[in-house]
Amino acid sequence: MEKYSIAIDGPAGAGKSTISKIVAQKLGLEYIDTGAMYRAVTLKALSTGTDISDSQSVVELLKDTDIDFRENHIYMDERVVDEEIRSSEVNQNVSSVAKIGEIREILVSKQREIANSKSVIMDGRDIGTTVLSDAEYKFYLNASVEERARRRYEEDKSSQSYEEIKRDIEKRDEIDMNREISPLVKAEDAVEVDTTDMDIEEVVDFIVGRVRGGKK
Ligand code: CDP
Ligand code: CDP
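Definitions and cut-offs
- Residues numbered from 1 in each chain as written.
- Chains lettered and ligands numbered in written order.
- Predicted model: local features only at pLDDT ≥ 70, side-chain atom pairs only at ≥ 80, totals over all residues.
- Heavy atoms only, no water.
- Helix = DSSP H or I, 4+ residues; strand = E, 2+ residues; numbered from the N terminus.
- Rg over C-alpha atoms; globule rule 2.2 N^0.38 Å.
- Buried < 20%, exposed > 50% of the residue type's maximum accessible area, 1.4 Å probe, protein only.
- Contact = heavy atoms within 4.5 Å.
- UniProt positions renumbered as here; feature names shortened; annotations may be inferred.
- Near = heavy atom within 4 Å.
- Polar contact = N/O pair within 3.5 Å; in protein donor to acceptor, adjacent residues only side chain to side chain.
- Areas by Shrake-Rupley, 256 points an atom, 1.4 Å probe, with all protein chains shown as cover.
- Nonpolar A, V, L, I, M, F, W, Y, C, P; charged D, E, K, R; others polar.
- Pairing = 2+ DSSP bridges.
- Domains from an automatic or database assignment.
- Buried area = accessible area lost by both parts, 1.4 Å probe.
- Salt bridge = Lys/Arg side-chain N within 4 Å of Asp/Glu carboxyl O.

Asks: Where do I start with the overall build of the protein in this structure?
Replies: Helix and strand counts for the protein stand at nine helices and eight strands. Taking 17 Å as the expected radius of gyration for a compact globule of 216 residues, we find that the protein reaches 17 Å, a close match to that expectation. Projected onto its principal axes, the C-alpha coordinates of the protein cover approximately 50 × 40 × 30 Å. Counting only residues that meet the buried cut, the protein has 48% of its 216 residues in that class. Within the protein, residue pairs in contact and separated by at least 24 positions form 74% of the contacts whose partners lie at least 6 positions apart.

Asks: Teacher, can you tell me more about the UniProt feature "domain: Cytidylate kinase" (unreviewed entry) in the protein here?
Replies: Feature annotation in UniProt places "domain: Cytidylate kinase" (unreviewed entry) on residues 6-211, given in this structure's numbering. Along residues 6-211 the backbone is 52% helical and 16% strand, and the end-to-end C-alpha distance reaches 9 Å.

Asks: What am I meant to see in the site of ligand 2 here?
Replies: Around ligand 2, the structure places 16 residues, and the nearest of them are G13, K16, T18, R152 and E155. Backbone polar atom of A14 to an oxygen atom of ligand 2: 3.2 Å apart, as the coordinates give it. T18 places a polar side-chain atom, nitrogen or oxygen, 2.5 Å from an oxygen atom of ligand 2. For ligand 2, whose unbound accessible area comes to 540 Å², protein coverage reaches 83%. Where the shell around ligand 2 is concerned, the elements lending two or more residues are α1 (16-27), α7 (145-155) and α9 (200-212). Here the shell around ligand 2 is composed, by residue class, of seven nonpolar, four polar and five charged.

Asks: What is the right way to read the site of ligand 1 from this model?
Replies: Around ligand 1 sit 19 residues, and of these R39, R104, D126, R172 and D176 come closest. Separating an oxygen atom of ligand 1 from a side-chain N or O atom of D176 is a distance of 2.7 Å. One of the side-chain nitrogen or oxygen atoms of R179 is found 2.8 Å away from an oxygen atom of ligand 1. Surface burial for ligand 1 is 98%, taken as the share of its 530 Å² of free accessible area covered by protein chains. Mapped onto the shell around ligand 1, the elements with two or more residues apiece are α2 (34-47), α4 (88-98) and α8 (162-178). Top contributing element to the shell around ligand 1 by residue count: α2, with four residues.

Asks: Looking at this structure, I do not really get the pairing of strand β4 (residues 73-76). What am I missing?
Replies: The side chains of a regular strand alternate between both faces of the sheet. By the bridge criterion, four bridges tie strand β3 (residues 67-70) to β4 in an arrangement that is antiparallel. Looking across to β4, one finds that F69 is bridged to I74. The antiparallel hairpin formed by β3 and β4 contains two residues in its connecting segment, where E71 sits at a positive phi of about 45°. Adjacent in sequence and paired antiparallel, β4 and strand β5 (residues 79-80) are bridged by two residues, among which D77 carries a positive phi angle near 45°.

Asks: So what exactly am I meant to see when it comes to the UniProt feature "binding site: ATP" (unreviewed entry) in the protein here?
Replies: Sites flagged by UniProt as "binding site: ATP" (unreviewed entry) map to G10, P11, A12, G13, A14, G15, K16, S17 and T18. Considering the arrangement of structural elements, one finds P11 in the loop between β1 (5-9) and α1. Owing to a relative accessible area of 1%, P11 belongs among the buried residues under this scheme. Take T18: it is sitting in helix α1.

Asks: Please explain the domain arrangement of the protein as it appears in this structure.
Replies: Interface size is commonly expressed as the accessible area that is lost once the parts come together. When the domains of the protein are assigned, the result is domain 1 (1-29 + 119-211) and domain 2 (35-118). Opposite the 17 residues of domain 1 that make contact, domain 2 presents 19 residues. Summing both partners gives a buried area of about 1,500 Å² for domain 1 against domain 2, and 54% of it is carried by carbon and sulfur. Sorting the residues of domain 1 by area buried against domain 2 places V131, R172 and R179 first, and these three jointly supply 30% of that buried surface. Here domain 1 and domain 2 share one salt bridge between them. A salt bridge links R104 to D126; its shortest N-O distance comes to 2.9 Å.

Written out as structure tokens, the structure reads:
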């Protein structure tokens with residue numbers, strides 16, 4: 001089969017990464033988690049005491065940071081940071097980093113470079129609208145905020161309450177959907193999937209079915 005790409009967008013907890021990983025395996029694609037890149041810069045800013053409201057400092061920091069994917073792990077300056085980038089502190093700050101225009105420019109060009117040479121399924125917020133705007137297949141996964149918070153709470157009940165998680169998700173949605181550059185919005189030509197009442201297998205089957213059937 002020729003090289004092609006699948007773009008997956010949507011808000012936190014919609015199931016993007018879980019579904020993308022399984023679809024990647026089934027269709028033999030490389031999975032690229034763009035959120036992990038924004039999370040890695042945020043982790044570096046937090047761990048170096050960089051003031052996140054000072055955009056220029058964060059941009060300088062990113063220019064001096066090496067972010068890389070290898071064998072399904074994310075590396076920041078040669079260190080695996082898979083777990084650390086999922087902390088509640090990173091959750092609470094990542095959207096402020098991701099709204100900085102120059103940060104987006106640097107990461108988007110890195111994402112396009114990765115997708116340039118192979119077939120990929122890439123997930124994030126602006127994949128269908130910006131990063132891979134000519135992707136062959138585009139899906140916008142959604143679910144009610146209650147269901148999305150419930151899914152996240154089920155993953156780890158020890159560090160935050162359901163209400164706290166829901167509030168963090170709502171705040172992140174608000175910043176992501178209202179920022180000036182590449183806000184979270186469904187691409188006109190994306191297929192929207194409301195996963196509130198769907199299990200993982202149903203969503204995977206829907207996407208794989210459309211791609212195998214060549215339905216864009
Ligand atoms: O997994 P979850 O949906 O919670 O978040 P993520 O995909 O890891 O993304 C974390 C944050 O990075 C988002 O809330 C956005 O602020 C930002 N992001 C973005 O702006 N553009 C992307 N393509 C991916 C993530
Ligand atoms: O990447 P994103 O933030 O969109 O969501 P995720 O991290 O893939 O999914 C959040 C959680 O919801 C995971 O624990 C999934 O197993 C679960 N999930 C689910 O229960 N039902 C779905 N249809 C999709 C995901």
